Amino acid sequence: MSNPKTNRLTPNSKPTPQTLGEFLIDNQSDFPFASGELTRLLNSIRLAAKVVNHNVNQAGLVDITGAAQNINVQGEEQMKLDVFADVTFINTLTNREIVCGIASEENEDFIAVAGSDGGHKQHYVVLIDPLDGSSNIDINAPVGTIFSIYRRTSPQGTPVKLEDFLQPGNMQVAAGYVLYGTSTIMVFTTGNGVNGFTLNPALGTYYRSHPDMRFPEKGNIYSVNEGKYATFPQGVKDYIKYCQKEEDDRPYTSRYIGALAADFHRSLIKGGIFLYPETSTAPTGKLRLLYECNPIAMIAEQAGGKASNGTQRIMEVKPTELHQRVPFFCGNAEMVDDVERCIAEASNT
Ligand code: P6P
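Throughout, a residue's number is its position along its own chain's written sequence, starting from 1. Per-residue local features are limited, in this predicted model, to residues with pLDDT of at least 70; the limit for side-chain atom pairs, both in listing and counting, is 80 or more; totals at the level of whole chains, interfaces and linings are taken over all residues. For side-chain calculations, the full set of non-hydrogen atoms in the structure is used, while hydrogens and water are omitted.

Engineer: Sorry if this is basic, but what is going on with the sheet that holds strand β3 (residues 101-104) here?
Structural biologist: By definition, the strands of a sheet pair up through backbone hydrogen bonds, in either a parallel or an antiparallel sense. Spatial ordering of the open sheet is given by β4-β3-β5-β6-β7-β8-β9-β10, a layout of eight strands whose pairing is mixed. The open sheet has two free edges, formed respectively by β4 (111-112) and β10 (205-210), since each of these has just one partner strand. Between any two strands, pairing holds if DSSP finds at least two bridges. In DSSP terms, a helix is any run of H or I states spanning at least four residues, a strand is any run of E spanning at least two, and both are numbered starting from the N terminus. When strand β5 (residues 124-132) meets strand β6 (residues 143-151), the two strands line up antiparallel, connected through seven bridges. The residue of β6 that forms the bridge with Asp129 is Ile146. The contact definition used throughout considers only heavy atoms, calling two residues in contact when any of these lie within 4.5 Å. Interaxial angle, 0 to 180 degrees, is taken between N-to-C directions of lines fitted to C-alpha atoms, where a helix line uses only the stretch in contact. Contacting β5, β6, β7 (174-180), β8 (184-189) and β10, helix α5 (residues 260-270) crosses the sheet at an angle of about 100 degrees to β7.

Engineer: Would you take a moment to explain the side chain of Asn294 for this structure?
Structural biologist: Position of Asn294 among the secondary structure elements: in helix α6 (residues 289-302). For Asn294, the contacting residues outside a window of four places in its chain are Tyr150, Gln167, Pro168, Gly169, Gln172, Leu289, Ile314 and Met315.

Engineer: Which parts of the structure should I look at to understand the site of the ligand?
Structural biologist: The full set close to the ligand counts 14 residues, and Asp132, Asn225, Tyr256, Leu260 and Tyr276 are the nearest of them. A distance of 2.8 Å separates an oxygen atom of the ligand from a polar atom in the side chain of Asp132. Each accessible area value is a Shrake-Rupley result obtained with a 1.4 Å probe; residue values ignore everything except the protein chains displayed when judging cover. Its free accessible area being 400 Å², the ligand has 84% of it covered by the protein chains. More than half of the atoms of the ligand fall within 2 Å of the grid points belonging to the largest pocket. Each residue receives one of three labels: charged for Asp, Glu, Lys and Arg, nonpolar for Ala, Val, Leu, Ile, Met, Phe, Trp, Tyr, Cys and Pro, and polar for the others, Gly being one of them. Partitioned by chemical class, the residues of the shell around the ligand number six nonpolar, three polar and five charged. One heavy atom within 4 Å of a molecule or strand makes the whole residue count as near it. Polar contact is the term for a pair of N or O atoms within 3.5 Å; when the atoms are in protein, one must be able to donate a hydrogen and the other to accept it, and sequence-neighboring residues count only if both atoms are side-chain atoms. Both cavities and pockets are sets of points on a 1 Å grid over the protein atoms alone; in a cavity a 1.4 Å probe fits but cannot get out, in a pocket the set is open with protein on both sides within 12 Å along at least five of seven lines, and lining residues sit with an atom within 4 Å of a point. For this analysis, a molecule is said to be in a pocket or cavity if more than half of its atoms are within 2 Å of the grid points defining it.

Engineer: Could you clarify how one ought to interpret helix α4 (residues 234-244) in this entry?
Structural biologist: Three- or four-residue spacings in an α-helix give side chains the same orientation, since the helix completes a turn every 3.6 residues. For every residue, the accessible area (1.4 Å probe, protein chains only) is compared with the maximum for its type, and the residue is labelled buried under 20%, exposed over 50%, or partly exposed between those bounds. By the burial criterion, the buried members of α4 are Gly235, Val236, Lys237, Tyr239, Ile240 and Cys243. Of the surrounding elements, those touching the buried residues of α4 are β11 (221-223), β13 (273-276), β15 (328-332) and α7 (333-347).

Engineer: Before we go on, may I ask you to explain the pattern of salt bridges in this structure?
Structural biologist: Opposite charge on two side chains permits them to pair, given that their charged atoms come into close proximity. One side-chain nitrogen of Lys or Arg within 4 Å of one carboxyl oxygen of Asp or Glu is enough to make a salt bridge. Applying the stated criterion across every chain yields a total of 14 salt bridges. In this structure, the salt-bridge partner of Asp263 is Arg266, at a minimum N-O distance of 3.0 Å. One end of the pair, Asp263, and the other, Arg266, are both in helix α5, three residues apart, so they sit about a helical turn from each other. The same class applies to Asp263 as to Arg266, namely buried.

Here it is, written out as structure tokens:
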């Protein structure tokens, strides 16, 4: 825009959105135990996500799609990008001496990080699903990275222990996801609200495209794999029929992408609920508490929503195993209340 009098360019009336780097610096004092370590940790996740994003976008072009002829600890076929993403995040986090331990969906045991002086001086542990929904890779559908950050509980300077990872979700200091979709967005919280940063791949810069994210007042989209309906508990079946009934603001719309980060992101933007209940074939559910449900739950609650296992706030579940699975209901608070009501009523009949 130029000034007709001086014919000089005047500052564009629309300011350039804040970059992720600027946001981290501007808000560092908000981060618990603001020692700069958490800032460097979030910066490392941002960097690793750019590398993964580049390869996800090339998936159809190079021989990197298709199964890696490997089965991970979950008994799931590992896709080549799963392995690439896992190695990328682990190496990025390990080489910068910003964490004392890492747990990943792709690795049976946690990884202790000693630092170059062997000192185990760092304060944080990260739990990560490096490429969630990887079965979507070969059909060009969205996939995501989900991460959860805790402050260690065992003494600083000693090797990290399993107890450092088995903390309830309400002890998280930060949590987030990266959604590799039509664009790539990193959404995270450090306990002071939720912000989304969209990557400009040409510049390699994330811009604060979604400031102070909140669920819409009302939600009318339910997201569940209805193919498993027959295996659901009665209360969940009752809730699905409630969503489909022609009454009040219903029937709701049904949407399901098959990648938690994508299905949750839609719920957060448009309003809705995501459901992955326990089933007759998976009696403790499918989703993992520590690196899928807890981080998503922290974001949901920070954005005014709720996350439950059907009877209890997810972030109060005391973990007992690294790859523990839980039933998961997450989204608009009112919708989570409704599914909990249906579950309670069914258990009383
Ligand atoms: P289903 C992906 O494998 C994942 O862990 C989540 O991202 C997703 O929400 C869920 O499983 C999909 O599971 O059984 O519907 O294919």
